Amino acid sequence: MFGIEIFTKEYFKNSFGERLLLDVYEFGFKDIKKIQRSTLYLMDGDLKYKDVLVISKKLLIDKVTEFHIIKQYSASKYKIMDFKILPPISSSSFSAIEVWYKNSVTDTLVESIGKAMKDLNIKKSINVKIGYKYYFYGTLLSPRTLNNIAIKLLVNKLIQEYNVIK
Amino acid sequence: MIIKSIVGCKIIKLLNLSYKQLNEFSRSMNLSLSLLEMIKIKSYFKKIARNPTDIELETIAQTWSEHCKHKTLTGIIKYTEKKNGRKKIRVFNNLLKETIFRATIELNKKQCLSVFKDNAGVVEFDHKNAVAFKVETHNHPAALEPYGGAATGIGGVVRDILGVGLGAKPVAATSVFCFANLDIKKSQIPTGACHPKRIAKGIISGVRDYGNKIGIPIVNGATCFDDGYIVNPLVFCGAIGIIPQKRIEKKICAGDLILIVGGKTGRDGVHGATFSSINLDQQSNINAVQIGNPIVEKKILDVMLKARDLNFYKAVTDCGAGGLSSAIGELAEQTGAVVYLDKVPVKYSGLRPWEIWISESQERMVIVVERKNKKKIIKIFNEENVEATFIGEFTNSKKLVLMYKNNMLANMDMFFIHKDLPKPVRYASYTIKNEQVQEPIKLHSFEILKLLKYLLADLNICSKEWIIRQYDHEVQGQTIIKPLHGNTIETSGHGDASVIFPYTIVKATKKGIVLSNGLNPRYGKINTYKMAASAIEESLRNAVSVGADIDKISILDNFCWGDTDKSKILGSLIYAAKACYDMSKAFCVPFISGKDSLHNEYFIDKNKYSIPPVLLISAIGIINDVTKTVTMPFKKENNKIYILGVTRNELGGSMFTKFKNIKNGIIPVVYYAESKIIMKKIYETISKNLIESCHDCSDGGLAVAVSEMSFASNKGVKINIDTVKTEPKDSLTVTEIMFSESNGRFIVEVKPENEFKFKKIFKNLIFSEIGYIINEDVIIFESKKHKLKVKEKLSVLSNFWRRNINL
């Protein structure tokens, strides 16, 4: 099982993070200095590292503005809410929230990736799951604050699940 | 209650159930069927001497749902209307047929080619082509998941256009929203509800992401704000398409094959049709949420139209609410059909037969194919990588037969499914409130100016540029009049209506399609008749403002109401429907399609949140020459400004009274005879190039209308309030003249050299010259009679108006 995490490069405008920061301030969470969002792809199937590299480079990232980190997991050890990849900004104080669609929700982006992988001549049967990870830099946030941010701004609990990472 | 199960299908022991058990069973299965309906079902199966299967019950529940059968509006209603202690009683056997549809029948206009019978209304464009128009509501899905619910709203209405006749080519879309106040304090939000900003952002993004990706310009819309939508936002999505007139009728014969194309079937959207018949609560079901895929829909759209032009199929419809059950059930109503559910392509294994049958998975169309075209049509879809599978055929049995792995799971008479729905008697009442003119409002200049600034900055009036600019309103290159008008990107203002010039589809045409809307929920809180009448008149005014001919306009209705099981709420809807009939007849403008969304109530911790009544009227007009159109920004200094129509003391429900917290006031009346003749004359003057700009007076009245024209052009203006014609004469204060929201009024700009001809056309009508455009950065409203002068820099007022909705 492989995890791919895709970030916007540091020197490109972090418009999503800036926007979210305003919303977070509006809700009264003033201790956060910066927010960054990454996209998470979890791939399970008969895959080798080089397949994942091809998928990520040719399909998932915009090489000009983004970069990726690939990590391999042991299927037996992996837990869906444990996508622990360090953020690219070296900071001792950050918290994060991972958000995923629930299994019963059809993610059409996943369907499109499946088709695109066939176009890349990857014929293996691969299960893909897509999520987002939000990094909050500044003072370490309490689980309660992170839960509040998740529920009020990031997650629709009807169709999504989330995990806070301290 | 289950007797036995065959291939995932259960036989339900229904025949021995008591009334109480029938009720409980309907509730536990999420069927949303009433006791009366359950009794009817029981007696049908008793007659055929067997118990039903779960898939049969699901089929009936879907077909008889409020969403599919419009049970409230087509049922029997005993209506009592009360005014000043007097009662009038009327019985409606079918409210829709006796009001909205009746007006269309009685008007019998040549332009109506297919109305109230297909997926959209169809009107004549030219002697060979027609235009299909449909506006859908998607409130319940958007309330649960704003982004997904709104995205599938636009996807669904585009499929309606694809599913009209043999398929129309979509050329434009519309979107109208009702949200709660975006500035509401967090403490005022009910526990468990999302902030309106988050809801609005999700909904707008959903429409944007689906609409832009599918390549259809979103050209017209409106956004209304009221705290009544705090939990239940409203989402209206519309689409228009061009269809050759020879392809308007569907033909279905026994032996024809059923082809499903597009997306695979999953569990998403299961119980969507029955779900929209109930009130929402915090436990609402995840299965009702659907996720859309615009790329798949775009591919279906392109291939389907290709297949249509090659005559490869005879009928088509979309899979909307109720999924295959609704689509095939309706197509086979007159014939009968057998469907092999195990042939339906599914997203994953484990789906039960009834889930396959009623799933509302998006981006699917059902096509009726003659056997001789079987291979050809599959080839064309395969070539474009669109999934297409034959899943059954039409028969002459007049029965619906569902098969799964060689087992017959359903066998029911089409007549029972479609015509045997019981019609309960509902009761409705409405008390017409007496309206009183407010005490005369006399304000000083500085107070008027302060108020004008407040009004311009109000969410209901201020610039919606942030929303509009997210949509691609120019894709396809046919949008002649766009939603934003102005000299530069910094000075754009809202247009009254948009115009599509479909020259890529209808070669060598000069004709265009005008799209506009009218929406006045504030009036509905006091008088739903006046709300409906005003919405109709406003939609016509908007269309006429850009150059539409009222004789070639058609309208659509979208009723969004609270819980119509309550007599007073149902009564308010009937009162509005009566206005629809009266206004349609008075303006000779037919209704061609509509869609209602009832039960817009939400429960949180036993607290009920119900929306105010809303009627959206969407208008479509055909114009002969797209070059004979005008926009709303002022054009040139020294040109004269005229007001057409009468200003009355009608401040009831207005933006002004909202700010001043004035409870009294007369809700604007529609004086249709006055209004209609003005609209005809405007068309004449625009056709003769005698008007430079035109804008209707609506929210905020004359003061706001003039200011908006000024902002969009960055040109100053001087208005003499004393010259505005009022009724009764000289009875209104300056404030009342400036902010009255009387219907039937337009502000127009006329070149000095055209004034003579212009006045000649409007001779004997009520109009007056009220000012002129000036070469200064100021807006001036002056009354020498009352010694008042309201003067402010255009740029200052404009900044209030551009308060920047930015989510």
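Here the structure is a predicted model, which is why all the values come from computation and not from measurement. Counting of residues starts from 1 at the beginning of each chain's written sequence and follows it residue by residue. Written order decides the labels, with chains lettered from A and ligands numbered from 1. The predicted origin of the model limits local features to residues at a pLDDT of at least 70 and limits the giving and counting of side-chain atom pairs to 80 or more, whereas totals for whole chains, interfaces and linings rest on all residues. In computing side-chain properties, one takes all heavy atoms of the structure into account and sets aside hydrogens as well as water.

Engineer: What exactly am I supposed to notice about the overall build of chain A here?
Structural biologist: The way it works is that DSSP assigns letters per residue, a run of H or I at least four long becomes a helix, a run of E at least two long becomes a strand, and they are numbered from the N terminus. A count of helical and extended segments in chain A gives 4 helices and 6 strands. Its helices and strands taken in sequence order, chain A reads β-α-β-α-β-β-α-β-α-β from the N to the C terminus. Accessible area is worked out with a 1.4 Å probe on protein chains only. A residue is then buried under 20% of its type maximum, exposed over 50%, and partly exposed in between. When each of the 166 residues of chain A is scored for burial, the buried share is 49%. For chain A, long-range pairs separated by at least 24 residues make up 77% of all intrachain contacts whose partners lie at least 6 apart in sequence. We call two residues in contact when some of their heavy atoms are within 4.5 Å.

Engineer: Is there a simple way to think about helix 1 (residues 19-28) of chain B in this case?
Structural biologist: An α-helix turns once per 3.6 residues; consequently, residues spaced three or four apart project the same way. All names here are of chain B. All of the buried residues along helix 1 are L22, F25 and S26. With its buried residues spanning 100° around the axis, helix 1 presents them on a single face. Residues of helix 1 that are exposed and angled more than 90 degrees away from the buried face: K20, R27 and S28. Lining the buried residues of helix 1 we find strand 2 (9-12), helix 2 (35-47) and helix 3 (54-63). Phi turns positive one or two residues past the end of helix 1, at N30, with a value near 60°. By construction, the arc corresponds to the directions joining the helix axis to the C-beta atoms.

Engineer: So what exactly am I meant to see when it comes to the environment of Y340 of chain B here?
Structural biologist: Residues and elements named next belong to chain B. Along the chain, Y340 falls in strand 14 (residues 337-340). Overall, the relative accessible area of 29% leaves Y340 in the partly exposed class. When neighbours within four sequence positions are excluded, Y340 is seen to be in contact with I391, G392 and M403.

Engineer: Please clarify how the interface of chain A and chain B should be interpreted in this entry.
Structural biologist: Accessible area lost during the coming together of the parts is what is often quoted as the interface size. Across the boundary between the two partners, chain A contributes 22 residues, which contact 20 residues of chain B. Salt bridges are defined as contacts in which a side-chain nitrogen from Lys or Arg sits within 4 Å of a carboxyl oxygen from Asp or Glu. Between K201 of chain B and D23 of chain A there is a salt bridge, with the nearest N and O atoms lying 2.6 Å from each other. In the analysis that follows, any N or O atom pair within 3.5 Å is treated as a polar contact, provided that within protein one partner can donate a hydrogen and the other can accept it, and provided that, for residues neighboring in sequence, both atoms belong to side chains. If you look at where chain A meets chain B, you find 7 residue pairs in polar contact (both at pLDDT 80 or more). By the convention adopted, Pro, Cys, Tyr, Trp, Phe, Met, Ile, Leu, Val and Ala count as nonpolar, Lys, Arg, Asp and Glu as charged, and the other residues, Gly among them, as polar. Residues of the side of chain A that touches chain B, tallied by class, amount to 9 nonpolar, 6 polar and 7 charged.

Engineer: What is the right way to read the environment of T509 of chain B from this model?
Structural biologist: Residue and element names in this part refer to chain B. Mapping T509 onto the fold places it in the loop between strand 23 (498-500) and strand 24 (512-518). Among the residues examined, T509 registers a relative accessible area of 13% and is labelled buried. Expressed as a C-alpha distance, the spacing of T509 and K789, which sit 280 residues apart in the sequence, is 50 Å. Apart from the residues lying within four places of it in its own chain, the contact partners of T509 are F125, F501, P502 and Y503. There is a polar contact of 3.0 Å between the side chain of T509 and the backbone nitrogen of K511.

Engineer: Help me understand unusual backbone geometry in this model?
Structural biologist: Both trends apply: most residues other than glycine have a negative phi, and most peptide bonds are in trans. All names here are of chain B. Each neighbour pair has its own omega, and for E727 with P728 the value is -10°, a cis peptide bond. Take P728: it is sitting in the loop between strand 34 (726-727) and helix 25 (734-739). Positive phi outside glycine occurs at N30, with the angle close to 60°. Counting through the fold element by element, N30 comes out in the loop between helix 1 and helix 2. The phi torsion at K398 lies on the positive side, around 55°, for a residue other than glycine. Structurally, the position occupied by K398 is in the loop between strand 16 (388-394) and strand 17 (399-404).

Engineer: Help me out: how do you make sense of the confidence of the model for chain B in this one?
Structural biologist: Low-pLDDT stretches of the model should not have their predicted coordinates read in fine detail. Per-residue pLDDT for chain B averages 91, and the proportion of residues at 70 or more is 97%. In the predicted structure, residues 280-286 of chain B sits below a pLDDT of 50 and forms 24 contacts with residues beyond four places in sequence or in another chain. How sure the predictor is of each residue is captured by pLDDT, a score from 0 to 100.

Engineer: For this particular structure, what's the right way to read empty space enclosed by the protein?
Structural biologist: Think of a ball as big as a water molecule: rolled over the atoms, this probe shows where empty space is left. Residues and elements named next belong to chain B. Both site types are read off a 1 Å grid over the protein atoms alone. A 1.4 Å probe that fits but cannot get out defines a cavity, while an open set with protein on both sides within 12 Å along at least five of seven lines defines a pocket; lining residues have an atom within 4 Å of a point. Grid points are joined across faces, edges and corners, and a volume is the space filled by probe spheres set on the points. One pass over the full model with this rule turns up 7 cavities of 30 Å³ or more. Here the largest cavity is characterised by a volume of approximately 850 Å³. Take the lining of the largest cavity: its biggest share by element is 8 residues, from strand 9 (residues 218-225). When grouped by side-chain class, the residues that make up the lining of the largest cavity number 19 nonpolar, 14 polar and 9 charged.

Engineer: Which parts of the structure should I look at to understand the packing of helix 10 (residues 196-214) of chain B against helix 12 (residues 294-309) of chain B?
Structural biologist: A pair of packed helices is captured by two measures, namely the crossing angle of their axes and the spacing between those axes. Residue and element names in this part refer to chain B. Axis lines are fitted to C-alpha atoms, over the contacting stretch for helices. Their N-to-C directions set the angle, which ranges from 0 to 180 degrees. Packing of helix 10 against helix 12 leaves a shortest axis separation of 9 Å and a crossing angle of 35°. In terms of crossing hand, the pair formed by helix 10 and helix 12 is right-handed. On the side of helix 10, the interface is formed by D209, Y210, K213 and I214, while helix 12 contributes P294, I295, E297 and K298. Per-class residue counts for the contact of helix 10 with helix 12 are 4 nonpolar, no polar and 4 charged. By the definition used in this description, the sense in which the near helix is turned from the far one sets the handedness, with an anticlockwise turn below a right angle giving left-handed and a clockwise turn giving right-handed.

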